[in-house]
Amino acid sequence: MYQPPSLLEKWSQENNELVNKCKQQEAGGGAVSQDHRQSSLRWCSSEFHKLLRKIQGIPPHVDHSQLELAVVYNTCVCFTAQSQFSEAELLLKEATERVLQVTGNNADTSDPLVLWRAGLKSAGNTALHPHVLYLLCLQWALWLAKCQLENIGELQEQMSSLCEIVCDGVGDGSPSEAKGRLSKSPLLVMEPKRLTELLQICTSIAQGAEKLNEGRSSEALSDLQAASALPATRALVAYTHLLSGSCLAHMNRPQMALQCYKKALETDSRCVCALYRSMLIYRQLGNTQAEIQALRLLHSTLMLPPATEPVLGGIQPLSPSLLLSSQSLSRLLSVPSALSVLYSLALKCVLSGRVTEGVEHYLDLLAALHSEDQHAVDAEVSVLPRMPELYLEAGTALLFTRRPADCMAFCNEVISTTLELVPEKVVLEEPEEGIGGDARGLSVEGEDKVAMLLWAAAAYLVQGHCHAHLKDWKQAVTHYTRCINLLVKVHLKNRDFQPQIPAADVNVKHGKDLCTLQRMKGLSLAWRGISFTQMDQLREALRDLQLSLQAFPDYTGAGLWCGEVLWRLGRKHEAAACWEKTWSLTTQTSVEKLPLYLQDPQSGPLLDSVELRLRIQELGLT
């Protein structure tokens, strides 16, 4: 049935008015909220859908099919922009089936790939062909948004043909073409050419991320380097350089990876992920100063207010973020929070000897955590160490800068918030075989109580170091003793041996906690022994130093001081043997793997190994 031109013109005019309203609302995208934008999209999709149902109320006919397909396109763009993918796919399926009816073909399949091949073939060289291609663009966008890259691969030949046809001028809105068809062709809410260009580079980025995730780095690198020449926004081109760098990093070419990250930043200065990846490369290469510089720059960049995306060729309803949502890509583009970066910067500065700078960063971090903007802070706290640990690390850093009074104040804060929550008894159980060392077999409340005990003990340990720094040996002994008294509340339980241990308040599968406990016990006993040495209480000193070596055999400080005490007690041959054994130790725990507050204090009495060796020579043992 042939429809009167007046009705067709009325529908076309209604479509064009809707498109203009939609574009006007999108044009104000920088000035309106996201909620208002979504509300506008809902209104547009509803109105387009009503118009489509009017047109589809009559049998499909070639005379009005172009308008129908244009309205389908507009409706699907609005649905897709709202992540209503099922609704959009249903409309595309129905539109393809109607194209087959108009061209005298049947659609005896539910397979979307077969349906699209049939629709493209039946449209052929007809006037419907460009509009079918536009709808294929939207199907491409839906597959990309849903991470169904295998479907895109199945229609790779058709997609390539689509790119050539659309980008070479079919429906590109060029002035020469527009003059000839402006009054006839229905308007579209998004130019197919711009959509196709967006899909090309987003697909290359998504496919590159998947190949990289699968270990096909070389293949991904080739595709991404080709994609970097595609027409796109600076942010998307920067992504291609960024992922190229990740490929090179996986291929063990760190210097070339750094060049790609640099190129990503030169392309888009807001590509913070390139900064983060550069920092990881510097860390891998052991370039500490460059790592610190990258961390500082990354933190300052993350603290900047979010920049508004520049408008290139007008606001578009379909954004790159909608199309780039795969987990593989999200992992590659993930960046720690500003507070996490600040923590890493503080710790790295202290460990690399830039202690004063590290202290300032710790204080800035604690100030941010105590700021009034708690809602923003709470979202980031979960990835940071717990607050008592941060206080202990900050206090230790203050001690490293010869500020013992400030350090003790930080430790008092930890003690005041944890001591009352310390259980009377704790049993650390050996984990079952096949379970990782950090596996825990208790509630969160139980874990917290064990942590409270270890934090309170660590606070007393660090306070003992403060008094040792001040040469107040009596107070040092008092605080080391308080640390030890907390640690002896913990009992170790071996799977093959069941000791008679009183009923405990908390049972824990030990792992990391055991390492912390043993090191803290070794340090507190050793430094109490050293303090006794300074007070000439040599027998008490020898007892503590020997107990320290039982708890923590690899602690060279305890070994050297144990030899010193033996020497002063006149047991010189035993002292020499103790020193020789200590110097022969090769197992040393990396300071990077230890909590800051469990590292050897950088102040206090020291023994000169050269002088000790001279003593041994005088004994005639070497």
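So, how was this worked out
Residues numbered from 1 in each chain as written. Predicted model: local features only at pLDDT ≥ 70, side-chain atom pairs only at ≥ 80, totals over all residues. Heavy atoms only, no water. Helix = DSSP H or I, 4+ residues; strand = E, 2+ residues; numbered from the N terminus. Buried < 20%, exposed > 50% of the residue type's maximum accessible area, 1.4 Å probe, protein only. Contact = heavy atoms within 4.5 Å. Areas by Shrake-Rupley, 256 points an atom, 1.4 Å probe, with all protein chains shown as cover. Axes fitted to C-alpha atoms, helices over the stretch in contact; angles between N-to-C directions. Parallel < 35°, antiparallel > 145°, perpendicular 65-115°, else oblique. Left-handed = near helix turned anticlockwise from the far one by under 90°. Expected span 1.5 Å × (residues − 1). Phe/Tyr/Trp six-rings, centres within 6.5 Å; stacked < 30°, edge-to-face > 60°. Lys NZ or Arg CZ within 6 Å of the ring centre and 35° of its normal. Nonpolar A, V, L, I, M, F, W, Y, C, P; charged D, E, K, R; others polar. Salt bridge = Lys/Arg side-chain N within 4 Å of Asp/Glu carboxyl O. Polar contact = N/O pair within 3.5 Å; in protein donor to acceptor, adjacent residues only side chain to side chain. Arc of directions from axis to C-beta. Disulfide = S-S within 2.5 Å. pLDDT = per-residue confidence, 0-100.

1. Some thoughts on the overall build of the protein chain
Here's step 1: Summing up its helical and strand segments, the protein chain has 29 helices and three strands in all.
Here's step 2: Relative to its 622 residues, the protein chain shows a buried fraction of 48%.
Here's step 3: Here the contacts in the protein chain between residues at least 6 apart in sequence split such that 72% fall between residues at least 24 apart.
Here's step 4: Approximately 29700 Å² of the protein chain is accessible, and the part contributed by carbon and sulfur atoms is 51%.

2. Points about the packing of helix α11 (residues 217–227) against helix α12 (residues 234–250)
Here's step 1: Axis separation between α11 and α12 bottoms out at 9 Å; the angle between their running directions is 160°. Classified by the interaxial angle, the pair formed by α11 and α12 is roughly antiparallel. Like other packed secondary-structure pairs, α11 and α12 cross with a definite hand, here left-handed. Between α11 and α12, the contacting residues are S217, A220, L221, L224, Q225 and A227 on the first element and T240, L243, S244, C247, L248 and H250 on the second.

3. Some words on unusual backbone geometry
Here's step 1: Phi is positive for N252, close to 60°, though the residue is something other than glycine.
Here's step 2: The backbone of R402 shows a phi angle near 65°, a positive value even though the residue is not glycine.
Here's step 3: Mapping R402 onto the fold places it in the loop between α21 (387–400) and α22 (404–418).
Here's step 4: For R402, a relative accessible area of 45% puts it in the partly exposed group.

4. Structural notes on helix α14 (residues 272–285)
Residues spaced three or four apart along an α-helix point in a common direction, a consequence of the helix completing one turn every 3.6 residues.
Here's step 1: The end-to-end C-alpha separation of α14 is 20 Å, in line with the 20 Å expected for 14 residues at 1.5 Å each.
Here's step 2: Here the buried face of α14 lies against α12, α13 (254–267), α15 (288–302) and α17 (327–333).

5. Description of the packing of aromatic side chains
Here's step 1: For the structure on display, the rule yields five aromatic pairs.
Here's step 2: The interplanar angle of 10° and the centroid separation of 5.5 Å between the aromatic rings of F552 and Y555 together place this pair among those described as stacked. Taken individually, F552 and Y555 each receive the classification buried, so the pair is uniform in this respect.
Here's step 3: One residue, R613, lies across the ring of W583, its end atom 3.7 Å from the ring centre.

6. Section: the packing of α13 against α14
Here's step 1: Viewed as axis vectors pointing N to C, α13 and α14 meet at an angle of 160°, and their least axial separation amounts to 9 Å. Considering the angle they form, α13 stands roughly antiparallel to α14. Pair α13 / α14 crosses with left-handed handedness. Residues P254, Q255, A257, L258, Y261, A264 and L265 of α13 pack against A274, L275, R277, S278, I281, Y282 and L285 of α14.
Here's step 2: Among the residues making up the contact of α13 with α14, the classes are represented as 11 nonpolar, two polar and one charged.

7. Considerations on the pattern of salt bridges
Here's step 1: The full count for this structure, using the stated rule, is 24 salt bridges.
Here's step 2: The shortest N-O distance in the salt bridge between R403 and D406 comes to 3.0 Å.
Here's step 3: In this structure R403 comes out as partly exposed when scored by relative accessible area, which is 32%.
Here's step 4: Overall, D406 belongs to the partly exposed group, its relative accessible area being 32%.
Here's step 5: Here the salt bridges share partners, and the residues they tie into one network are K211, E214, R216, E219 and D223.

8. As for the environment of Q139
Here's step 1: Structurally, Q139 can be placed in helix α6 (residues 129–145).
Here's step 2: Between the alpha carbons of Q139 and E89 there is a distance of 7.1 Å; along the sequence they are 50 residues apart.
Here's step 3: Aside from chain neighbours lying at most four places away, what touches Q139 is E89, L92 and W116.

9. Some points on the side chain of T582
Here's step 1: Assignment of secondary structure puts T582 in helix α28 (residues 572–583).
Here's step 2: The exposure class of T582 is buried, given its relative accessible area of 7%.
Here's step 3: Within the local environment of T582, its side chain forms a polar contact with the backbone oxygen of C578, the two atoms lying 2.8 Å apart.
Here's step 4: Aside from chain neighbours lying at most four places away, what touches T582 is T556, G559 and L560.

10. Focus: α11
Here's step 1: Looking at α11, one finds that the buried residues are S217, A220, L221, L224 and A227. The buried residues of α11 occupy an angular sector of 125° when the element is viewed end-on, so they sit on one face.
Here's step 2: Packed against the buried residues of α11 are α10 (192–213) and α12.

11. Observations regarding the state of the cysteines
Here's step 1: Under the criterion given, the structure shown has zero disulfides.
Here's step 2: Free of any disulfide, C273 has its nearest neighbouring cysteine sulfur in C271, separated by 6.1 Å.
Here's step 3: Given a relative accessible area of 4%, C273 falls into the buried group.
Here's step 4: Residue C562 stays outside any disulfide, its sulfur separated by 4.2 Å from that of C578, the closest cysteine.
Here's step 5: For C562, a relative accessible area of 4% puts it in the buried group.

12. Some remarks on the environment of H250
Here's step 1: Looking at where H250 falls in the secondary structure, it is placed in helix α12.
Here's step 2: H250 sits in the exposed class, given a relative accessible area of 56%.
Here's step 3: Distance in space between the C-alpha atoms of H250 and L212 is 8.3 Å, their sequence separation being 38 residues.
Here's step 4: Those residues in contact with H250, other than ones at most four positions away along the chain, are L212 and S217.

13. Examining the environment of S584
Here's step 1: Assignment of secondary structure puts S584 in the loop between α28 and α29 (609–618).
Here's step 2: Since its relative accessible area comes to 49%, S584 is described here as partly exposed.
Here's step 3: Sequence spacing of S584 and T556 is 28 residues, and the spatial spacing of their C-alpha atoms is 9.8 Å.

14. Thoughts on the confidence of the model for the protein chain
Here's step 1: Looking at the protein chain as a whole, the pLDDT averages 83, with 83% of positions reaching at least 70.
Here's step 2: Low pLDDT (under 50) marks residues 310–314, which in the prediction has four contacts with non-local residues, meaning those over four places away or in another chain.
Here's step 3: Note on residues 497–509: pLDDT is under 50 here. Beyond four places in sequence and across chains, it has 38 contacts.

15. Some words on the side chain of T75
Here's step 1: Counting through the fold element by element, T75 comes out in helix α3 (residues 62–81).
Here's step 2: A distance of 2.7 Å separates the side chain of T75 from the backbone oxygen of V71, its partner in a polar contact.
Here's step 3: Excluding anything up to four places from it in sequence, T75 contacts S45, F48, H49 and L91.

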